[in-house]
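Tertiary structure, described
Here's the letter readout for the chains.
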Amino acid sequence: MVKNFFDTKIEFLKGVGPQKASLLNTELGIFTFGDLLEHFPFRHEDRTKFYRVSEIQEHFPYVQLKGRIVKKQYIGEGRGKRLSAQFQDDTGVLELVWFKGHSWIDKSLQIGATYVIFGKPQRFGFKFSISHPEMELVTAESKPQGGLFPVYHTSEKMKPKGLDSRGVAKLQRTLLKDAFAKIEETLPEYLLKQHNFISKAYAVGYAHFPKDPQTLEQALNRLKFEELFYMQLKVLAQKKQQHTKQFAGQVFAKIPTLNTFYKEHLPFDLTNAQKRVVREIYGDMKSGIQMNRLLQGDVGSGKTIVAFICMLMCLDNDAQACMMAPTEILATQHYHGLKEHADKIGVSIALLTGSSKTKERRIIDEELRNGKLKIIVGTHALIEEKVDFQNLGLCVIDEQHRFGVAQRAALWKKTSKAYPHILVMTATPIPRTLAMTVYGDLDVSVIDELPAGRKPIVTQHRTDANRLRVFGFIKEQIAEGRQAYVVYPLIEESEKLDYKNLMDGYESICRAFPKIPISIVHGRMKAEDKEWEMQRFVKGETKIMVATTVIEVGVNVPNSTVMVIENAEKFGLAQLHQLRGRVGRGGSQSYCILISGDKLSKDGKFRLETMVRTNNGFEIADADLKLRGPGDIEGTQQSGVLSLKFTDISKDSQVLQLARETADKLLDEDPKMEKSEHSIIRTQQAFMAQKKTTNWSRIS
Ligand SMILES: Nc1ncnc2c1ncn2[C@@H]1O[C@H](COP(=O)(O)OP(=O)(O)OP(=O)(O)O)[C@@H](O)[C@H]1O
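Computed from a predicted structure; not experimentally measured. The residue numbering used here restarts from 1 in each chain and proceeds along that chain's sequence as written. The model is predicted, so local features are restricted to residues of pLDDT at least 70 and side-chain atom pairs to those at 80 or more, both for listing and for counting; the totals for chains, interfaces and linings are taken over all residues.

Attention shifts here to the overall build of the protein chain. By definition, any uninterrupted DSSP run of H or I lasting at least four residues is a helix, any uninterrupted run of E lasting at least two residues is a strand, and each is numbered from the N terminus. In terms of helices and strands, the protein chain carries 24 helices and 22 strands. Exposure in this text rests on C-beta crowding, where 20 or more other C-beta atoms within 10 Å of a residue's own make it buried, 12 or fewer make it exposed, and counts in between make it partly exposed. The C-beta atoms are placed from the backbone. Expressed as a percentage of the 700 residues in the protein chain, the buried residues total 39%. Sequence-distant contacts in the protein chain: of pairs separated by 6 or more residues, those separated by 24 or more amount to 74%. The contact rule is simple: place each C-beta atom from the backbone, and if two of them lie within 7 Å, those residues are in contact.

Listed below in structure tokens is the structure:
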């Protein structure tokens, strides 16, 4: 049997040997030729330009210089001991410093010899210094380097053994000489032609050693496409399979009540986005296949009315609908919101939460069972306790982040006829790119438009010192008949401290607004007290609502025009956006004021700046993704987003779109990959399944 070249042990590569091999094994997990080739550079540096010492400026991220080492000496003692060398060209002198690993540098550094050095300059007084520069001795044989230089991850332990980034690059060059011709193609020929992709071998070669920025881009483009294409083939195949063995769904085609409601009671014209989403959902509901759809809509985009319309589709066909929300406050809000519409056309609706009274509950149970009650809104109580429906046709779940798949599934069992249709609603926009990859099992609808006449919320950042002026502004707004929120974060380890912060804030607000009725809502209150306070605010009896983040999602008081967020730097972007979404829900100009301390971390500053810059939930979700990475977003683990090698899901949405469309088309045309031109895909998939690596190493 011919041994796979790429499985050859790394110690057999020229220039490696047992010692380096062991370092490569332990430090980087590189055991074979294939592993090394897959250790791609994490960036490239432009080494076309040589600077002179006199040209260096502080803001240069990196400089490359050529000159001589004229002196070296040790400075300091003990742990602070460092090696310092003077580097000189004909325009000036620069200091090179090593804090660690000096002994091997000291040994190799030749006084009087010429070096090309590369590193980040730092200014100390009038002089520049570079710590831990990359160094290359210039000899008669050394060829002038230049162009784009690969930079590889290595470790401190590897550097003294000649395995710094430059050393790894040298090994890659050696390996590529033999490997290049052996690298097989992993995408069908026609796809390469269609999308103008370079071959696998060239892509791998250029990803390590590009000729110029263009070839680097070509290489990365092709490799990104490949990894996303194979990932999408998997995700989409699973989804399509689910669709074919999909559970039968009840057919909800008749819509008389919905038509009446639409013509006579709809309080406003639906936005085009709402209309589109309603059509998509109606398409599912009458298809005979159980719907599993994610409805994404930015805060205030009008998801509630869409949910209600969908409920009517189901009521018109003798089924019941339920809506689940993550908190009692939210469930109650939804209940009131839906009831307003339901009352207009005489549809029965009830609320069921943990604090519903036993008697109430008994009636609800009975009426759900005999079908008298058509819509039920509630919290977990809906699935946790014994609730039986006569025929549950639709389940709307708000804020899917807080309900797991298991809970969704539990609901499915609650029906006597067929599985209910499921509509998951979220106001936390997941960047489109992620939704595409992560929610393989859900179809996605997006409300990407706000109702007409909404004025963009004005967002400002203020520091603690401006608080009195902020209070002054709230007074003005209240004098104009508006209401305001003041929100405190849950930040401390201890609930006690959070509570104290909130209470301190509440007291100071009471002092600042002595004649104004104020509500307070926090997690320690009993549900009914919370509800009572909320209702006072909703009715306009109180003018200011002081709260912790319990009001984060879903609260709808269109008359509120000011949202003040205390310690705003402590909140995540998604949460800030949610909170801001509590205002700007009516026609009046609304404001969001972010108050923070003077000193902000880099991330904190970025978050507040992003909030001030944009009101768009999708942009904010993208910024959040950049900041936190996809790892923090639910579902990313299973979908393989985290194992992507070349793709940055927050930036490469175009390639993802292309990969997805290509995979989708291919699966429609040749679901089992039986065509001869697709054998290459089958082989690669089998290889990936077996080796569990992302891409190219099936190469033999
Ligand atoms: N097409 C529309 N035209 C005018 N107003 C609308 C329209 N759709 C919804 N609204 C109103 O906009 C407000 C926000 O709607 P809704 O509460 O449904 O938002 P949402 O998408 O659930 O947002 P959130 O997730 O922030 O709660 C409500 O007062 C609602 O009556």
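Okay, unusual backbone geometry next. Of note in this structure, His-132 is not a glycine but carries a positive phi near 45°. Tracing the backbone shows His-132 in the loop between β7 (127–131) and β8 (134–137).

Another aspect to go through is the sheet that holds strand β21 (residues 560–565). Paired strands, as defined in this entry, are two strands with at least two bridges between them according to DSSP. With parallel pairing, the six strands of this open sheet are ordered in space as β17-β22-β21-β18-β20-β19. Two strands bound the open sheet, and with one partner strand each, they are β17 (458–463) and β19 (518–521). Each strand axis lies, on average, 20° off the axis of its neighbour in the sheet, ignoring direction. Geometry is summarised by axes, namely lines fitted to C-alpha atoms with helices restricted to the contacting stretch, and by angles between N-to-C directions that run from 0 to 180 degrees. The sheet contacts of helix α18 (residues 527–538) involve β18 (483–487), β19 and β20 (544–547), and relative to β19 the element is tilted by about 145°.

Each pair of packed helices can be summarised by the angle the axes make with each other and by the distance between the axes. Two elements in contact, helix α19 (residues 573–580) and helix α21 (residues 617–628), have axes separated by 9 Å at closest approach and are oriented at 160°. Considered as vectors, α19 and α21 are oriented roughly antiparallel to each other. Residues Leu-573, Ala-574 and His-577 of α19 form the contact with α21, whose own contacting residues are Gly-617, Ile-620, Ala-621, Ala-623, Asp-624 and Leu-627. Each residue is assigned to one of three groups, with Ala, Val, Leu, Ile, Met, Phe, Trp, Tyr, Cys and Pro labelled nonpolar, Asp, Glu, Lys and Arg labelled charged, and all others, Gly among them, labelled polar. Per-class residue counts for the contact of α19 with α21 are six nonpolar, two polar and one charged. For classification purposes, angles smaller than 35 degrees are called roughly parallel, those larger than 145 roughly antiparallel, those between 65 and 115 roughly perpendicular, and all remaining angles oblique.

On to the environment of Ala-203, then. Along the chain, the position of Ala-203 falls in helix α6 (residues 200–208). Setting aside chain neighbours within four positions, we find Ala-203 in contact with Ile-198, Ala-219, Arg-222 and Leu-223.

For the pair helix α9 (residues 272–285) and helix α10 (residues 303–315), interaxial distance at closest approach is 10 Å and the crossing angle is 30°. Relative to α10, the element α9 lies roughly parallel. In the packing of α9 onto α10, the handedness of the crossing is right-handed. Across the interface between the two elements, Gln-274, Val-277, Val-278, Ile-281, Tyr-282 and Met-285 of α9 pack against Ile-305, Val-306, Ile-309, Cys-310 and Met-313 of α10. Class assignment of the residues belonging to the contact of α9 with α10 gives a composition of 10 nonpolar, one polar and no charged. Each helix crossing is assigned a hand: it is left-handed if the near helix lies turned anticlockwise from the far helix by less than a right angle, otherwise right-handed if that turn is clockwise.

A separate point is the confidence of the model for the protein chain. Close reading of the predicted structure is inappropriate where its pLDDT is low. For every residue, the predictor states its confidence as a pLDDT score lying anywhere from 0 to 100. Looking at the protein chain as a whole, its pLDDT mean stands at 84, while 87% of the residues score no less than 70. Contacts from residues 402–407, a stretch scored under 50 in pLDDT, to residues over four places away or in other chains number four contacts. Predicted as a complex, the structure gets a pTM of 0.64 and an ipTM equal to 0.98.

Before going further, it helps to spend a moment on the site of the ligand. Gly-302, Lys-303, Thr-304, Ala-427 and Pro-451 are the nearest of the 19 residues found near the ligand. Tallying contributions element by element places α10 first for the shell around the ligand, with three residues. Two domains share the shell around the ligand, each providing at least three of its residues, namely domain 3 (256–447) and domain 4 (458–631). Any residue whose backbone-placed C-beta atom lies within 6 Å of a molecule or strand is treated as near that molecule or strand. Just so you know, the domain bounds were taken from an automatic or database domain assignment.

Quick look at the sheet that holds strand β15 (residues 421–426) now. Reading across the sheet, the seven strands line up as β12-β13-β11-β14-β15-β10-β16 and stay open at both edges, with parallel pairing between neighbours. Strands at the two margins of the open sheet, each flanked by one partner only, are β12 (349–352) and β16 (443–447). On average, adjacent strands in this sheet sit at an angle of 20° to one another, irrespective of strand direction. In this sheet, β16 lies alongside strand β10 (residues 292–297) in parallel orientation, the contact comprising five bridges. Each residue of the ladder has a partner; that of Gly-297, found in β16, is Ile-447. In the packing of helix α12 (residues 358–370) onto the sheet, the strands contacted are β11 (320–324), β12 and β13 (375–378), and the crossing angle to β12 comes to about 130°.

So, about the pairing of β18. Burial runs high along β18: five of the five residues are buried. Neither face of β18 is open: one carries Gln-483, Tyr-485 and Val-487, the other Ala-484 and Val-486, and all of them are buried. Pairing between β18 and β21: five bridges, direction parallel. Residue pairing for β21: Val-486 is matched across the bridge by Val-564. Sheet analysis places β18 next to β20, joined by four bridges and oriented parallel. Looking across to β20, one finds that Val-486 is bridged to Val-546.

Summarising the sheet, strand β3 (residues 82–89) and strand β4 (residues 92–98) pair through seven bridges and their orientation is antiparallel. Paired with Asp-89 across the strands is Gly-92, a residue of β4. Hairpin connection of β3 to β4: two residues between the antiparallel strands. Sheet analysis places β4 next to β7, joined by three bridges and oriented parallel. Counterpart to Val-97 in the pairing with β7 is Ser-131.

Along the chain, the position of Ile-478 falls in helix α16 (residues 467–479). It is 9.3 Å that separates the C-alpha atoms of Ile-478 and Ser-560, two residues lying 82 residues apart in sequence. Beyond its immediate chain neighbours, meaning those up to four positions away, Ile-478 contacts Ala-484, Ile-516 and Lys-543.

Now for the nonpolar core. Only buried Ala, Val, Leu, Ile, Met, Phe, Trp, Tyr and Cys residues enter a nonpolar core, and they are joined through C-beta atoms within 7 Å. Counting residues in hydrophobic clusters, the biggest one holds 98 residues, and the most contacted among them are Cys-310, Met-311, Leu-423, Val-564 and Ile-565. Sort the elements by how many residues they give to this core and α10 lands first, with 10 residues. Both of domain 3 (256–447) and domain 4 (458–631) provide at least three residues apiece to this core. Not counting residues within four places of it along the chain, the set of residues in contact with Ile-565 comprises Val-487, Phe-571, Leu-576, Leu-579, Leu-594 and Ile-595. By size, the runner-up hydrophobic cluster in this structure holds 28 residues, among which are Phe-209, Leu-223, Phe-646 and Ile-649.

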